[in-house]
Amino acid sequence: MIPAMTEILTTDRLRLRLVTEDDAPFYLALANDPAFIEHIGDRKLRTVDAARRGLVEGPIAMQEKYGHSLYLVERLADGAPIGLSGLVKRDTLEHVDIGYAFLPAYRGCGYAFEAGQAVVGLAVRLGIRRLAAIVSPGNAASIALLQRLGLRLERRASLAPGQPEVDVYLADLDG
């Protein structure tokens, strides 16, 4: 097992670290934010125990399997958990994708872009040559962020039967 609080990346204002089961209260709040539900999906996490299971079966398992995952984003100034950002490997996408979500109070502060730049740099260091992202077609803020990070619209697709369509963005990374 990877030790708790393992730092992955640091930026001028942020620390990205591995998530732990102790981050369940934060994840519960994030996953129940109305914008998260609208643009990412309803994970149906209504209790801290359900959020803990979501972390164990999601980012924690992904980190163990692939060596990368979504990371908890904390402000360096006060250690406040403000969001998730990282690299996700989905069965429904050919390429690793960049993912992120931030609590409402921390949107519009440049944190998602700052964390995203660090995550793109990590992808390059990990030898990832092509980076994907998926976004709800109506999520203008995320689309603008992906474009600032250098990703470009590739196609619109439904990644699973019965699922709503998403826009798939791609970027070729220099190594």
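Every value quoted in this text rests on a predicted model; they were computed, and no experiment measured them.

Enquirer: Break down the overall build of the protein chain for me, with residues and values.
Expert: For the protein chain, the count of helices and strands is 5 helices and 8 strands. Secondary structure elements of the protein chain, listed N to C terminal, follow the sequence β-β-α-α-α-β-β-β-α-β-α-β-β. A globule of 175 residues ought to have a C-alpha radius of gyration of about 16 Å, and the protein chain, at 15 Å, matches this closely. Across its three principal directions, the C-alpha atoms of the protein chain cover 35 × 35 × 35 Å. A buried classification covers 49% of the 175 residues belonging to the protein chain. Look at the contacts in the protein chain between residues 6 or more apart in sequence, and 58% of them connect residues 24 or more apart. Per element, the accessible surface of the protein chain, about 8,900 Å² overall, is 52% carbon and sulfur. Here the protein chain holds 20 positive side-chain charges and 22 negative ones, and the gap between their average locations is 2 Å.

Enquirer: Tell me about the side chain of D97, residues and numbers included.
Expert: As for its position among the elements, D97 is in strand β5 (residues 97–102). We classify D97 as buried; its relative accessible area is 1%. At 2.9 Å, the side chain of D97 and the side chain of R90 are in polar contact. What D97 contacts, discounting residues up to four positions off in sequence, is G86, L87, V88, R90, L131, A132, A133 and I134.

Enquirer: Explain unusual backbone geometry to me, using residue names and the numbers behind them.
Expert: In this structure, K44 is a non-glycine residue whose phi angle is positive, near 60°. If you trace the backbone, K44 turns up in the loop between α2 (34–39) and α3 (48–66).

Rules of the game
Residues numbered from 1 in each chain as written. Predicted model: local features only at pLDDT ≥ 70, side-chain atom pairs only at ≥ 80, totals over all residues. Heavy atoms only, no water. Helix = DSSP H or I, 4+ residues; strand = E, 2+ residues; numbered from the N terminus. Rg over C-alpha atoms; globule rule 2.2 N^0.38 Å. Buried < 20%, exposed > 50% of the residue type's maximum accessible area, 1.4 Å probe, protein only. Contact = heavy atoms within 4.5 Å. Areas by Shrake-Rupley, 256 points an atom, 1.4 Å probe, with all protein chains shown as cover. Lys, Arg positive; Asp, Glu negative; His and termini not counted. Charge placed at Lys NZ, Arg CZ, Asp CG, Glu CD. Polar contact = N/O pair within 3.5 Å; in protein donor to acceptor, adjacent residues only side chain to side chain.

Keep in mind that these numbers describe shape and distance, not what the molecule does.
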